[in-house]
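# Inside the fold
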Amino acid sequence: MNSAWRITGSGVPLEMRNPASRVWGTAMIDHFAPCHHPLHIAIAAMRCGSFMPSAAPLISLPAGDIHLWFCFHGKSGDATQDAACRALLTPEELSKQNRFHFASDRYRYLLTRALVRSVLSRYAPVQPHAWRFATGPFGRPRIEAPTIEETRGLDFNLSHTDGLIVLALARNIELGVDVENIERKAALDVADHFFSPVEAEALRALPTALQTARFFDLWTLKESYIKARGMGLQIPLDSFSFTLDNNNDGIEFALADSGTRDDTARPWHFWQLQPTREHFVALCAAPENLAATRIVCRETAPLQWEKPLELHARRTSAPN
């Protein structure tokens, strides 16, 4: 894969010659010259200081942009901040939170709901407590209200694991995101029963020391795809395959059967990121114009602060 991107930060052009290049500040990307990595990840135009999101101006989400918000967390939080988050939730959400048996699960649920509400309010003039959600026929949540100009076409997808919540947003782009903590035990036997034969065989062919990471590579990609489709496990996990080459940074995607309940002409694209040593993230999206697609990353603590997050893709399906 040979492609490159010119990063223009605050009017200062910078060339990203390596996927590990680090660029902060305002970022605008356009095709420039041959280079190593095809994916462009734009860093948001935000200051790093702490602030209350409600006091900040709305964030622009133009066509083609995909924004990823990362919320790293522990097992519990500050009592005052927890109370502020609970004030945003509906009675139904509070009831669901209380049904979790473990305190750590109650805390993660609280953070998840506060994250969705507070981040959506960064894109539309809506108070975090005022958002209302509905679920599709297969359980995927969507915005139900309010219906105003700023919420038109606004869609989101959410994933969480031990220590990290990831929220993906875009306008009029089908997308799905998945995050996994790779320090938990990989259920390698799952591959034999639920992965495609091609994936299972490739996984077993790897040295034992590499199998856990590859399992989570494949699992997060598969989850991101079925979430983007909005059908969950109604789509059999062995009805599509990913091929990952150890010698490059590409992702190949194929349906096992061209008749597999999908529009085969749909331009699905995939990205894999690793925000920490123990977390793998996969993003699936079907943008109309891949060349104009930007991925913008931010880190946040709901209702407290947000800042740019510098990441690069481990792998991508984006063409040359």
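Reading guide: rules and limits
- Residues numbered from 1 in each chain as written.
- Predicted model: local features only at pLDDT ≥ 70, side-chain atom pairs only at ≥ 80, totals over all residues.
- Heavy atoms only, no water.
- Core = buried A, V, L, I, M, F, W, Y, C linked by side-chain atoms within 4.5 Å.
- Buried < 20%, exposed > 50% of the residue type's maximum accessible area, 1.4 Å probe, protein only.
- Helix = DSSP H or I, 4+ residues; strand = E, 2+ residues; numbered from the N terminus.
- Arc of directions from axis to C-beta.
- Contact = heavy atoms within 4.5 Å.
- Polar contact = N/O pair within 3.5 Å; in protein donor to acceptor, adjacent residues only side chain to side chain.
- Lys, Arg positive; Asp, Glu negative; His and termini not counted.
- Salt bridge = Lys/Arg side-chain N within 4 Å of Asp/Glu carboxyl O.
- 1 Å grid on protein atoms, 1.4 Å probe; cavity = no way out; pocket = protein on both sides within 12 Å on 5 of 7 lines; lining within 4 Å.
- Points joined across faces, edges and corners; volume = space filled by probe spheres on them.
- Nonpolar A, V, L, I, M, F, W, Y, C, P; charged D, E, K, R; others polar.
- Disulfide = S-S within 2.5 Å.
- Phe/Tyr/Trp six-rings, centres within 6.5 Å; stacked < 30°, edge-to-face > 60°.

It is worth spelling out the nonpolar core at this point. With 28 residues, the main nonpolar core has Phe215, Leu221, Tyr225, Phe240, Phe242, Trp268 and Phe270 as its most contacted residues. The set of elements that each furnish at least two residues to this core consists of helix 4 (188–194), helix 6 (208–229), strand 11 (240–244) and strand 14 (279–285). No other element matches helix 6, which puts eight residues into this core. Trp69, Cys71, Trp131 and Phe133 belong to the second-largest nonpolar core, a separate cluster that totals 22 residues.

A few words now on helix 1 (residues 79–86). Since the α-helix turns once every 3.6 residues, residues separated by three or four places project in the same direction. Where helix 1 is concerned, the buried positions are Gln81, Asp82 and Cys85. Across the axial projection of helix 1, the buried residues extend over an arc of 100°, all falling on one side. The outward face of helix 1, more than 90 degrees from its buried face, is lined by the exposed residues Ala79 and Thr80. Summarising the contacts, the buried residues of helix 1 are in contact with helix 3 (103–120). A distance of 3.0 Å separates the backbone nitrogen of Thr80 from a side-chain oxygen at the start of helix 1, and that oxygen is part of Asp78.

It is worth spelling out the side chain of Asp178 at this point. With respect to the helices, strands and loops of the structure, Asp178 is situated in strand 10 (residues 175–181). The charged side chain of Asp178 is buried without a salt bridge, its nearest counter-charge being Lys227 at 4.6 Å. Side-chain polar atoms of Asp178 contact the side chain of Ser159, separated by 3.3 Å. Once you skip the residues sitting within four places of it in the chain, Asp178 turns out to touch Ser159, Trp219, Thr220, Glu223, Ser224, Phe280, Val281 and Ala282.

Another aspect to go through is the pattern of salt bridges. The full count for this structure, using the stated rule, is 15 salt bridges. The partner of Arg113 in a salt bridge is Glu93, and the shortest N-O contact between them spans 3.1 Å. One end of the pair, Arg113, is in helix 3; the other, Glu93, is in helix 2 (residues 91–98), with 20 residues separating them in the sequence. The class for Arg113 is buried, based on a relative accessible area of 14%. On the basis of relative accessible area, Glu93 is assigned to the buried category, the value being 8%. Members of the salt-bridge network, linked through shared partners, are Arg214, Asp217, Arg314 and Arg315.

Further remarks concern the layout of surface pockets. By volume, the largest pocket is sized at about 780 Å³. What lines the largest pocket is a set of 32 residues, among which Lys96, Arg113, Gly139, Pro141 and Leu158 lie closest to the centre. Mapped by element, the contributors of at least two residues to the lining of the largest pocket are helix 2, helix 3, strand 6 (132–135), strand 7 (141–145), strand 8 (154–161) and helix 6. If one sorts the elements of the lining of the largest pocket by residue count, helix 3 sits on top with six residues. Residue composition of the lining of the largest pocket, grouped by class: eleven nonpolar, nine polar and twelve charged.

Here we take up the state of the cysteines. Evaluation of the coordinates by the stated rule reveals zero disulfides. Residue Cys85 stays outside any disulfide, its sulfur separated by 8.7 Å from that of Cys71, the closest cysteine.

Moving on to unusual backbone geometry. Here Ala145 and Pro146 are connected by a cis peptide whose omega angle stands at 0°. Relative to the assigned elements, Pro146 resides in the loop between strand 7 and strand 8. Of note, Asn172 is a non-glycine position whose phi angle comes to about 55°, a positive value. Of note, Asn172 is situated in the loop between strand 9 (164–171) and strand 10. Of the residues examined, Asn172 reaches a relative accessible area of 64% and is grouped as exposed. Residue Leu303 is not a glycine yet carries a positive backbone phi of 70°. Here Leu303 is to be found in the loop between strand 15 (294–301) and strand 16 (305–308).

In this section: the packing of aromatic side chains. The full count for this structure, using the stated rule, is 17 aromatic pairs. Centroid distance Phe195 to Phe215: 5.6 Å. Interplanar angle 15°. Geometry classified as stacked. Of this pair, Phe195 sits in the loop between helix 4 and helix 5 (197–205) while Phe215 is found in helix 6, placing the two residues 20 residues apart along the sequence. The same class applies to Phe195 and to Phe215, which are both buried.

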